[in-house]
Amino acid sequence: MERLQSAPAETRGPTKMSGIGRVLVAVYGVLALAALGRSFVQIVSKFDEAPLAYALSALAAAVYVVATIALVKRGLVWYRIAWATIVFEFTGVLVIGTLSIVDPALFPHDTVWSWFGRGYLFIPLVLPVLGMWWLAKHKPEPHRPEAGDA
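Quick look at the pattern of salt bridges
Then, number 1: Summed over the entire model, instances satisfying the criterion amount to one salt bridge.
Then, number 2: Taking the shortest distance from any N to any O, the salt bridge between Asp110 and Arg118 comes out at 3.9 Å.
Then, number 3: The partly exposed category is assigned to Arg118, whose relative accessible area is 40%.

Observations regarding the environment of Val25
Then, number 1: Inspection of the secondary structure puts Val25 in helix α2 (residues 20-46).
Then, number 2: Its relative accessible area of 15% is what places Val25 among the buried residues.
Then, number 3: Separated by 42 residues in sequence, Val25 and Ala67 have C-alpha atoms that sit 8.7 Å apart.

Section: unusual backbone geometry
Then, number 1: Of note, Trp115 is a non-glycine position whose phi angle comes to about 50°, a positive value.
Then, number 2: Turning to its location among the elements, Trp115 is positioned in the loop between α4 (76-102) and α5 (123-137).
Then, number 3: Judged by its relative accessible area of 31%, Trp115 is partly exposed.

Structural notes on the packing of helix α3 (residues 51-72) against α4
Angle between the axes and distance between the axes: these two values describe a pair of packed helices.
Then, number 1: Look at α3 against α4: their axes get within 8 Å of each other, and the N-to-C directions meet at 150°. It follows that α3 is roughly antiparallel to α4 by the angle criterion. Classified by chirality, the crossing of α4 by α3 is left-handed. The segment α3 lies against α4, with Leu56, Leu59, Val63, Tyr64, Val66, Ala67, Ile69, Ala70 and Leu71 engaging Trp78, Ile81, Ala82, Thr85, Ile86, Phe88, Glu89 and Ile96.
Then, number 2: Looking at the contact of α3 with α4 residue by residue, the classes come out as 15 nonpolar, one polar and one charged.

How each quantity is defined
- Residues numbered from 1 in each chain as written.
- Predicted model: local features only at pLDDT ≥ 70, side-chain atom pairs only at ≥ 80, totals over all residues.
- Heavy atoms only, no water.
- Salt bridge = Lys/Arg side-chain N within 4 Å of Asp/Glu carboxyl O.
- Buried < 20%, exposed > 50% of the residue type's maximum accessible area, 1.4 Å probe, protein only.
- Helix = DSSP H or I, 4+ residues; strand = E, 2+ residues; numbered from the N terminus.
- Axes fitted to C-alpha atoms, helices over the stretch in contact; angles between N-to-C directions.
- Parallel < 35°, antiparallel > 145°, perpendicular 65-115°, else oblique.
- Left-handed = near helix turned anticlockwise from the far one by under 90°.
- Contact = heavy atoms within 4.5 Å.
- Nonpolar A, V, L, I, M, F, W, Y, C, P; charged D, E, K, R; others polar.

Following this line, the structure appears as structure tokens:
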């Protein structure tokens, strides 16, 4: 048992998330499924009507899927992936949200991030801020070799 407790974070089993972390992962998971379903239907049924908007919705869905996985996984690598996806998401929401207001012709149909996520109750705008706050408060500790580690 002693050996298991001193193993690097990447090799230990997952810990149970609690509180805001659990809610954050649940909301990311629901948003990932919603965006994935929406983009799939849009691309299959009417891609030619707004290819940029639907491709951006698919990109947003992929970002939400990776962010959800990265928030659940342990270790420094997954922590960095979570940061990268959430910063990318926030940037996307700000850029696409702004462009959809300034030049609506760019997006004849809404994307997940259009109008700062208004089609999703502005969750795409608020969620990355909460995600970055949570990540800043839960940075994994680097593994320190102990006596007996190989």
